[in-house]
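Per-entry structural report
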Amino acid sequence: YREFVAADRRMPNHAHVYHYAAYLFRLSDLLDAGIQAERRGIELDTTSPWACFGMIRLQLLHGDRAAATHWLEQARRRFPAHYRIPMYEAGILVDQGRYEEALALFEARVPETRMEGRHYFDRAFASLMTGRRDKAMAWTGQYESFAAVDMDHAADAAALWAHLGDPDKAFRLLDRAVQLG
């Protein structure tokens, strides 16, 4: 966290410094610290959608769906045309076990060419949970490209492969997550 302190000294009160600190806290499973950092970033700059999206992710990991939904509504109110809004909404639906609704939202509002990161997992997992194994498999390649370079994505890909019935691949991806962490 020396780098965070140094960045904050070089750019005091810069919202993105706090957003990236929140990301590091999340990767370190310091969710409360991540939430505090995102809140500080939002206080400093209410025009950045990234902190709202970070809050959604942190709150879901923290197990607070109501807070995640609150931040989704904040993002929707502040950035109504942002292309990631439906992806995060679908992610909340997946977290709630509302897989059919999540898939319908992905189909209606998220073109495949706009899919990114974590949302590949949400789409693949929802597909798998609704008996669409072939669709889930179709998303694994894209998701694994993120898993090669990002600890979060490697851990999520491991969970997906465990659900797909390939524990060897799941453990290889968990090893990759540890290497990246």
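Presented here is an overview of the structure given in this document. (Residues numbered from 1 in each chain as written. Predicted model: local features only at pLDDT ≥ 70, side-chain atom pairs only at ≥ 80, totals over all residues. Heavy atoms only, no water.)

**Here's the deal with the pattern of salt bridges**
- Across all of its chains, the model carries 14 salt bridges by this definition.
- Arg 40 serves as the salt-bridge partner of Glu 43, at 3.3 Å between the closest nitrogen and oxygen. Note that Glu 43 and Arg 40 are positioned in helix H3 (residues 31-44) at a spacing of 3 residues, about one turn of the helix.
- Assessed through its relative accessible area of 57%, Glu 43 is described here as exposed. (Salt bridge = Lys/Arg side-chain N within 4 Å of Asp/Glu carboxyl O. Helix = DSSP H or I, 4+ residues; strand = E, 2+ residues; numbered from the N terminus. Buried < 20%, exposed > 50% of the residue type's maximum accessible area, 1.4 Å probe, protein only.)

**Here we look at helix H11 (residues 167-180)**
- End to end, H11 covers 20 Å across 14 residues, agreeing with the expected 20 Å (1.5 Å per residue, within 8%).
- Among all positions in H11, only Ala 170, Leu 173 and Ala 177 are buried. Down the axis of H11, the buried set is contained in an arc of 65°. They therefore lie on one face. Counted as exposed and oriented over 90 degrees from the buried face of H11: Asp 168, Phe 171, Arg 172, Val 178 and Gln 179.
- Where the residues of H11 are buried, they touch helix H9 (133-147) and helix H10 (151-163). (Expected span 1.5 Å × (residues − 1). Arc of directions from axis to C-beta. Contact = heavy atoms within 4.5 Å.)

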